[in-house]
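# Notes for the structure review
Residues per chain, in single letters:
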Amino acid sequence: MRSRNGIVLMMTLGFIAVITALILWSVSISKSRFDKVVEIDAENQFSIVFKDFTKLITQFDINSSDALSLFLSMDLPPIMEEKTKIGLGFSATSMMDKLNINYILASLVNHETNTTGAYQDPYLRRPLEKFFRKFELSDPFTMIDFLLDTIDKDDLERASFSEIASEDFDFQEGKIYDFEHFKKIREYYYKSTHDENVFKITREEFERYFYFGEAKERLLLDCDSLYISNAMGLIVDDEMMINEETDYCTEANASNNPNMKTLNKIYNISQFANKKKYLVKCILNLDVENRLREISFDYDVSTKRISNIDKNFQE
């Protein structure tokens, strides 16, 4: 055991050393590029650094759970390059210990016309209901109606004023893009109900439990993640005993638990596997002349594809 722990520690230190070296190398390259442009603004400086760094990050081959764990353990504050005085920091967190809210909503909408999977609806609605009750919404069902009417593309209202696609182009594409989009739904709900509790749902609280994936994607729910208990607390019924010691990978495959079997079928509760899509949220920090900027992007470790670049971090 000590030998294995020692190997893991060496791998971790090596991984951090490589990341640090690449950060400093990227900073040096970017600075040399800065010097070629006399009047470049800070926004363009950040774009240059981001472009350089994202080329570097795709060099890592994350093909095992150990490699994934090392990658997710990265939480480096801006490292200052001595000559250029430019700092670059990086962190990565799993998105696969959260629920794809677009998939949940799209499944519910689909079952309205294709009733074959309608038996799943109580399991799909449960995390939404439990989440909104957590913030004591006076009418969580109306809030869910607003969300569903954001996903479908017809003009039929599920509740009073819940169909808002005709008023805003952002509600005509069949998905919720990000938290800024969700805030618009939050505003419409407030106008309809005057329930101020809805403003308790901050970006931080929301993204502890959900992410904004593609509506048709049933990705895995990583049962090995340290933070899986957040999502599991929403999808299981209140009678099921869960705690920090619960082995969700074992629970998901328990042959004597039909409810968990259904949850596994819906949410794909499983472990990381090589070449399977696995999304990670990455945050890149740039410190130039004591001005700290940050950018986020979603990174699929299997295909090395980067998407959803430059989300707004201001609440």
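All chains use their own residue numbering, which begins from 1 and follows the written sequence. Restriction of local features to residues with pLDDT of at least 70 applies here, the model being predicted, together with a cutoff of 80 or more for giving and counting side-chain atom pairs; totals for whole chains, interfaces and linings are based on all residues. Only hydrogens and water are removed before side-chain values are computed, so all heavy atoms of the structure are retained for them.

## As for the nonpolar core
Nine residue types can take part in a nonpolar core, namely buried Ala, Val, Leu, Ile, Met, Phe, Trp, Tyr and Cys, and a core is a set of them joined through side-chain atoms within 4.5 Å. Burial here depends on accessible area, computed with a 1.4 Å probe over protein chains only, as a share of the maximum for the residue type. Under 20% is buried, over 50% is exposed, and the range in between is partly exposed. Core analysis: the biggest nonpolar cluster contains 49 residues, and Phe210, Tyr267 and Ile269 have the highest contact counts within it. Elements represented by at least two residues in this core include exactly helix H4 (101-111), helix H5 (121-134), helix H6 (140-151), helix H7 (179-193), helix H9 (228-235), helix H10 (248-252) and helix H11 (258-267). Those residues within four positions of phenylalanine 210 in sequence are excluded, and the remaining contacts are Lys98, Leu99, Ile101, Ile104, Pro127, Leu128, Phe131 and Leu234. Ala67, Leu220, Phe272 and Leu284 belong to the second largest nonpolar core, which has 31 residues in total. Numbered from the N terminus, helices here are DSSP runs of H or I no shorter than four residues, and strands are runs of E no shorter than two. Any two residues having at least one pair of non-hydrogen atoms within 4.5 Å are treated as being in contact.

## A short note on the pattern of salt bridges
The term salt bridge refers to a side-chain nitrogen of Lys or Arg lying within 4 Å of a carboxyl oxygen of Asp or Glu. Applying the stated criterion across every chain, the model contains 11 salt bridges. Here arginine 133 ties to glutamate 129 by a salt bridge, and the two come within 3.9 Å at their closest N and O atoms. Taken together, the residues arginine 133 and glutamate 129, both in helix H5 and four residues apart, mark about one turn of the helix. By relative accessible area, arginine 133 is classed as partly exposed at 45%. Owing to a relative accessible area of 18%, glutamate 129 belongs among the buried residues under this scheme. Note that lysine 200 is salt-bridged to glutamate 136, the shortest N-O span being 3.7 Å. Of this pair, lysine 200 sits in the loop between H7 and helix H8 (203-206) while glutamate 136 sits in the loop between H5 and H6; the two residues are 64 residues apart in sequence, bridging distant segments of the chain.

## So, the state of the cysteines
By definition, a disulfide links the sulfur atoms of two cysteine residues through a covalent bond. Any cysteine sulfur atom paired with another within 2.5 Å is treated as part of a disulfide. Across all of its chains, the model carries one disulfide by this definition. Paired through a disulfide, cysteine 223 and cysteine 249 show a sulfur-sulfur distance of 2.0 Å. On the sign convention where negative is left-handed, the bridge of cysteine 223 and cysteine 249, at about 95° about the S-S bond, is right-handed. With a gap of 26 residues between them, cysteine 223 in the loop between strand E5 (221-222) and H9 and cysteine 249 in helix H10 connect regions that are remote in the sequence.

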